[in-house]
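Summary of the model geometry
As a plain string of letters, each chain reads:
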Amino acid sequence: MTAFLLSSANIMMPLMAFGIQNTLVKFYSEHESEEEKSRFLNLVLVLPFVIIIPIFLILFLFYGEATTLLSQKNSIIQDYVWMIPVIGLFMGYFEIFLCLGKSTFEICFWKFCERSIATRIHQYFSFCCLF
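Described in the following lines is the structure provided in the data block. Keep in mind that what you see is a predicted model, and the values were worked out from it rather than measured. (Residues numbered from 1 in each chain as written. Predicted model: local features only at pLDDT ≥ 70, side-chain atom pairs only at ≥ 80, totals over all residues. Heavy atoms only, no water.)

Topic: the overall build of the chain
In plain terms, the rule: Only DSSP runs of H or I reaching four residues or more are called helices, and only runs of E reaching two or more are called strands; each is numbered from the N terminus. Residue contacts follow a heavy-atom distance rule, with two residues in contact if any of their heavy atoms lie within 4.5 Å. Under the convention used here, a 1.4 Å probe and the Shrake-Rupley method define accessible areas, while residue burial counts only the protein chains that appear.
Summing up its helical and strand segments, the chain has 7 helices and 0 strands in all. Written out in order from the N terminus, the α and β elements of the chain read α-α-α-α-α-α-α. Counting only contacts in the chain whose residues sit at least 6 apart along the sequence, the fraction spanning at least 24 positions is 76%. As presented, the chain carries roughly 8,700 Å² of accessible surface, and 69% of it is formed by carbon and sulfur atoms.

Some thoughts on the side chain of T67
Cut-off, in case you're wondering: Three exposure classes are used, based on accessible area relative to the maximum for each residue type with a 1.4 Å probe and protein chains only: buried under 20%, partly exposed in between, and exposed over 50%.
Considering the arrangement of structural elements, one finds T67 in helix α5 (residues 63-70). Given the relative accessible area of 7%, T67 is considered buried. The residues contacting T67, other than those within four sequence positions of it, are Q78 and V81.

Some remarks on the pattern of salt bridges
A side chain with one charge can pair with a side chain of the opposite charge if their charged atoms come near. Operational definition: Just to be clear on terms, a salt bridge is a Lys or Arg side-chain nitrogen sitting within 4 Å of an Asp or Glu carboxyl oxygen.
Counted according to the given criterion, the structure contains 1 salt bridge. Where R39 meets E35, a salt bridge forms, and the shortest distance between an N and an O atom there is 3.8 Å. On the criterion of helical spacing, the pair formed by R39 and E35 is a turn pair, its members being 4 residues apart in helix α3 (residues 34-46). For R39, a relative accessible area of 56% puts it in the exposed group.

Notes on the packing of aromatic side chains
Heads up, the condition is: In this analysis, rings of Phe, Tyr and Trp, with Trp reduced to its six-membered ring, are considered paired at centre separations within 6.5 Å, and the interplanar angle assigns stacked below 30 degrees, edge-to-face beyond 60, and tilted for intermediate values.
Going through the model one piece at a time under the given rule, you end up with 2 aromatic pairs. Here the aromatic cluster, defined as three or more aromatic residues joined through ring pairs, consists of F49, Y93 and F97.

Observations regarding a nonpolar patch on the surface
Stated formally: Within the patch definition used here, like charges are joined within 9 Å and nonpolar side chains (Val, Leu, Ile, Met, Phe, Trp, Tyr) within 5 Å, considering only residues with over 30% relative accessible area and no salt bridge.
A surface patch of nonpolar side chains, amounting to about 500 Å² of accessible area, comprises I58, F60, L61 and F62. Within the secondary structure, L61 is located in helix α4 (residues 49-61). A relative accessible area of 63% means that L61 is categorised as exposed.

Here you go:
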């Protein structure tokens, strides 16, 4: 069940992040003053909500149909379908903040965070949600 939740969230994550992480890496260093960087960062953090809010509204309106569709082969997942877009949202924003860290700090530190700390956080979150 955990594998299904995480794989479904991985499918939704690019929709939630909206490709902003690549934009952040490419254009963050071009802004020179702190005010420009702050305005660009605010835009980058708010822009994914243009996609996230309609996705959550559609899933809220058609929650019954989505639950029925996803639980046809696996009935255990029926109570946890609401977690898929939430996990996808967290994974998308994790990617955005990871790319922000890559563009402002040392890359080696963020690779360490991505490989070790983020894995543990995902495991802990999945464990807490299931129990």
